[in-house]
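Each chain, written out:
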Protein chains: 2
Amino acid sequence: MASIKDVAAEAGLSVATVSRALNGHPSVSEDARRRVSAAVEALGYRPNAVARSLRTDETRTLGLVISDVMNPYFTELARSVEEEARALGYSVIIGNADERPGLQDHHVTTLLDRRIDGLLVSPTDGGSPGMLGAARAGTPMVFVDRWIPGVDVPVVRSDGRAAVRDLVAHLHGLGHRRLAIIAGPAATTTGRERVDAFREALAAYGLELPDAYIGQGDFQAGSGRRVTEGFLDLPVPPEAVFAADNLMALGALDAIRARGLRVPDDIALAAFDDIPWFVHTDPPVTAIAQPTRDLGRAAVRALVDRIAGRPGASVTLPARLVVRRSCGEPGTGRPPSPSPVRRSTP
Amino acid sequence: MASIKDVAAEAGLSVATVSRALNGHPSVSEDARRRVSAAVEALGYRPNAVARSLRTDETRTLGLVISDVMNPYFTELARSVEEEARALGYSVIIGNADERPGLQDHHVTTLLDRRIDGLLVSPTDGGSPGMLGAARAGTPMVFVDRWIPGVDVPVVRSDGRAAVRDLVAHLHGLGHRRLAIIAGPAATTTGRERVDAFREALAAYGLELPDAYIGQGDFQAGSGRRVTEGFLDLPVPPEAVFAADNLMALGALDAIRARGLRVPDDIALAAFDDIPWFVHTDPPVTAIAQPTRDLGRAAVRALVDRIAGRPGASVTLPARLVVRRSCGEPGTGRPPSPSPVRRSTP
DNA sequence: CCTCCTCGTGGAATCGATTACACGGAGGAT
DNA sequence: ATCCTCCGTGTAATCGATTCCACGAGGAGG
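Note that the structure is a prediction, hence the values are computed from the model and not measured. Residue numbering note: each chain is counted from 1, following its sequence as written. Following the order in which they are written, the chains are lettered starting with A and the ligands numbered starting with 1. Per-residue local features are limited, in this predicted model, to residues with pLDDT of at least 70; the limit for side-chain atom pairs, both in listing and counting, is 80 or more; totals at the level of whole chains, interfaces and linings are taken over all residues. Note that water and hydrogens are dropped before the side-chain values are worked out from all heavy atoms of the structure.

Novice: Teacher, can you tell me more about the side chain of Ser80(A) here?
Specialist: What counts as a helix is a DSSP run of H or I of at least four residues, what counts as a strand is a run of E of at least two, and both are numbered from the N terminus. Turning to its location among the elements, Ser80(A) is positioned in helix H5 (residues 72-87). The residues contacting Ser80(A), other than those within four sequence positions of it, are Thr292(A), Arg293(A), Gly296(A) and Arg297(A). Note on contacts: a residue pair is in contact if any heavy atoms of the two residues lie within 4.5 Å.

Put into structure tokens, the structure is as follows:
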């Protein structure tokens, strides 16, 4: 592959002049500029980004370590991050942590070894040594979606409190009183916050959130299935289940279907994170939608600010409730299961 | 950040010896090895991958240019590619072409500038100049899912012909005779092949595929919606619609629902590419499933073979039909629409 | 005792770019 | 005519690693 030396030789100039011409430096004659262009064209020359990065100490690359690519919410986040980064002249390397702290650490280390200019993370856990080290060492960094308390890094996320209140109002209005939640890992902020918000919203209606109605999930479909089965096996099962993410809602749907039960007639279901598929499930799922695109954009902007030495502001955007049919008949206002809950197969 | 020089100074050795110790070179004394380890530990040293790449002319990075990340099929493919690559000691940089040739070219160029060791592509079109140039220049490359005829590059894909035959048999068995297809872009191999396979399978039953029943889509949900509306507006609309990918099936579902029609009672629907959500749509969608994980693995292995100078074999794996309920009641064998089938409460 | 290996190590070139510094020539001011 | 600027260009250092080659010490063999 042609290097800058070859271009210099072809153009009859020094590498310095070629480099300056290529970078639009002002003090290059029109004549030299033309000869460089011609040589570049003739040789099909493309600058070696590796060499440039070594010299300039910037890779124009951002790292994004995401909790789980197979989760449509994170896929959309990744997409919007890449779009905004590209618009700003950066590439993005995505690392999929798959909700495993070990993998997350692997990716952080690899990205740091590649000398990315900045790091975007939605931490899987309370903070792995590699990540905390990077934060302390001053690597430009921004948390997105999830964050780690006590670490001085801007956070870009959405606040679901109001939307959760709306959801509980919705459920309450439909006559549901026994409300359960499939929680995310306690090690994640989103895992804890959603439970807290749910409990608070319930309290406003004088409702309790008993321990039996808090199922411990891990943001994956399998855990949603297991937890839901546990709920259904309870002597007094809940009337409504709120899954703290979309994959666990999918698992819940599986478990409910496997028992031959129907949503919302036998049990109501709602999810955090809205995705296109929820419109088409049976029934369409009521969900809390985050402004995912805006989050991605804001996160990249905050990170680029930090890279440029500017402060880099934390951003919190509101989530909103999207009512569909999985919690009960909208408009009727009456409880979906006045008669005892049927739980055998028809 | 500490460099190899700092380590050398700390250990009281030359950079050459440190480098050898770090790379497990045999001719380094046990004593030197220990001192290097200690120095590395003390300084928190991590080798600079950029510098190493410049010298060794290998980045241990693979590029993956994918047609559309928001398509769950490609997300899963990307995931399995990353997994296999990681197992083999490579990182992956994903570029999302979003079905746009221009974007695809941008990513290919960027990846080449970064001197990735090999390139995995599912081409959006007939071959952009950048990509063809790379192939000709000898960049190790493998096509995955889609490919470009006449370019000498291994292809890893799945063959849906048999599964499409099974699908047509299934539809025919359920009494459907007027079958339509939402095709992908003619510029893609998968776009063309699926139509061809469908037409051939139809011919085996003495059925035609009239032009009016071939809708031109672009693998995105919006086009599925538009094309389906067109089908429904026909004087004689089809009895069954086969979408050439899952997103267009989603669009079709939208369009059908918007008309107040029901699947499969009013119209049958099937899709190419199976995804977890199809189990939970209303109704569950009959789809053709590709062995996505295996494809990703095989593609990475073929690419790594090429990088190592070995031939790198093309691989074709069979897809298979997964029957659900969107084409009609399984088992009954009678057409779904003569007598309206009740499916609400048992 | 001398020669010849082998082993562990260091010096220095190298990869492909960027950039500080030096330098020669043209043109303007005095 | 002399001096100073400014402009365009080239030389060479530099980034952080790898690796070829040389070298000194020590042991084996003659």
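Novice: Explain the domain arrangement of chain A here, please?
Specialist: Interface size is commonly expressed as the accessible area that is lost once the parts come together. Throughout the structure description, domain borders are defined by an automatic or database domain assignment. Looking at the assigned domains, one finds that chain A contains domain 1 (4-47), domain 2 (57-158 + 292-318) and domain 3 (159-290). Spacing between the C-alpha centres of domain 1 of chain A and domain 2 of chain A amounts to 37 Å.

Novice: How should I be thinking about the interface of chain A and chain B in this particular structure?
Specialist: Residue-level contacts link 53 residues of chain A with 52 residues of chain B. Buried surface at the junction of chain A and chain B, both sides included, amounts to about 4500 Å², of which 60% is carbon and sulfur. In terms of surface lost to chain B, no three residues of chain A exceed Arg115(A), Trp277(A) and His280(A), which account for 18% of the buried area on that side. Salt-bridge detection follows one rule: a side-chain nitrogen of Lys or Arg within 4 Å of a carboxyl oxygen of Asp or Glu. Linking chain A to chain B there are four salt bridges. Note that Arg46(B) and Asp113(A) form a salt bridge whose closest N and O atoms lie 2.8 Å from each other. Polar contact is defined as a pair of N or O atoms within 3.5 Å, subject to the rule that within protein one atom must be able to donate a hydrogen and the other to accept it, and that residues adjacent in sequence are counted only when both atoms are side-chain atoms. Counting across the interface, chain A meets chain B through 24 residue pairs in polar contact (both at pLDDT 80 or more). Those elements giving two or more residues to the side of chain A that touches chain B turn out to be helix H4 (49-56), H5, strand S2 (91-96), helix H6 (101-113) and helix H11 (246-258) of chain A. It is H5(A) that contributes the most residues to the side of chain A that touches chain B, seven residues altogether. Here the quantity called buried area is the accessible surface, traced with a 1.4 Å probe, that two parts lose on coming together, added over both.

Novice: Sorry if this is basic, but what is going on with the relation of the copies chain A and chain B here?
Specialist: Turning one copy of the chain about an axis and sliding it along that axis gives the other copy, so a rotation and a shift relate them. Each copy superposes on the other: chain A lies on chain B with an RMSD of 0.0 Å after a rotation of 180° and an axial shift of 0.0 Å. Here the symmetry operator amounts to a two-fold rotation axis. The rotation axis passes nearest to the C-alpha of Thr281(A) in chain A, at a distance of 1.9 Å. When the interface residues of chain A are mapped onto chain B, 96% of them again lie at the interface, so the same face is used by both copies. A least-squares fit on C-alpha atoms brings the copies together, and the residues used are those whose pLDDT is at least 70 in both copies.

Novice: What exactly am I supposed to notice about the pattern of salt bridges here?
Specialist: When charged atoms on two side chains of opposite charge get close, those side chains can pair. As enumerated under the stated definition, the model contains 42 salt bridges over all chains in all. Where Glu83(B) meets Arg293(B), a salt bridge forms, and the shortest distance between an N and an O atom there is 3.3 Å. Within this pair, whereas Glu83(B) is found in helix H5 (residues 72-87), its partner Arg293(B) is found in helix H12 (residues 292-307), the two being separated by 210 residues in sequence. We call a residue buried when its accessible area falls under 20% of the maximum for its residue type, exposed when it is over 50%, and partly exposed in between, using a 1.4 Å probe and counting protein chains only. For Glu83(B), a relative accessible area of 23% corresponds to the partly exposed category. Through salt bridges that share partners, Arg79(A), Glu83(A), Arg293(A), Asp98(B) and Arg100(B) make up one connected network.

Novice: What's the story with unusual backbone geometry in this structure? I'm lost.
Specialist: A negative phi holds for most residues other than glycine; trans holds for most peptide bonds. Between Asp282(A) and the following residue, Pro283(A), the backbone shows a cis peptide bond with an omega angle of -5°. Along the chain, Pro283(A) turns up in the loop between strand S9 (268-272) and strand S10 (286-289). A positive phi angle, near 60°, is found at Asp57(B), a position not held by glycine. Within the element layout of this structure, Asp57(B) appears in the loop between helix H4 (49-56) and strand S1 (61-66). Of note in this structure, Arg60(B) is not a glycine but carries a positive phi near 50°. Within the element layout of this structure, Arg60(B) appears in the loop between H4 and S1. Assessed through its relative accessible area of 32%, Arg60(B) is described here as partly exposed.

Novice: I'm lost on the environment of Asn71(B) in this one. Help?
Specialist: Residue and element names in this part refer to chain B. For Asn71, the location among the structural elements is in the loop between S1 and H5. We classify Asn71 as buried; its relative accessible area is 2%. Through-space distance from the C-alpha of Asn71 to that of Asp273 is 9.8 Å; in sequence the pair is 202 residues apart. Excluding residues within four positions of it along the chain, Asn71 makes contact with Asp245, Asn246 and Leu247.

Novice: Help me understand the protein's contact with DNA strand C in this model?
Specialist: As a matter of local geometry, DNA strand C sits amid 26 residues, with Ile4(A), Ser19(A), Tyr45(A), Arg55(A) and Thr17(B) nearest to it. Throughout, near means a residue has at least one heavy atom within 4 Å of the molecule or strand. Of everything in DNA strand C that lies within 4 Å of the protein, sugar and phosphate atoms constitute 61%. Between DNA strand C and Asn48(A), the relevant distance is 2.7 Å, taken from a phosphate oxygen to a main-chain nitrogen or oxygen of the residue. The contact in question runs from a base nitrogen of DNA strand C to an N or O atom on the backbone of Ala51(A), over 3.4 Å.

Novice: Where do I start with the protein's contact with DNA strand D in this structure?
Specialist: Near DNA strand D there are 26 residues, and of these Ile4(B), Ser19(B), Tyr45(B), Asn48(B) and Arg55(B) occur at the shortest range. A breakdown of the atoms of DNA strand D within 4 Å of the protein gives sugar and phosphate a share of 58%. At a separation of 2.9 Å, a base oxygen of DNA strand D approaches a polar side-chain atom of Arg55(A). Here a base nitrogen of DNA strand D and a backbone polar atom of Ala51(B) are 3.4 Å apart.

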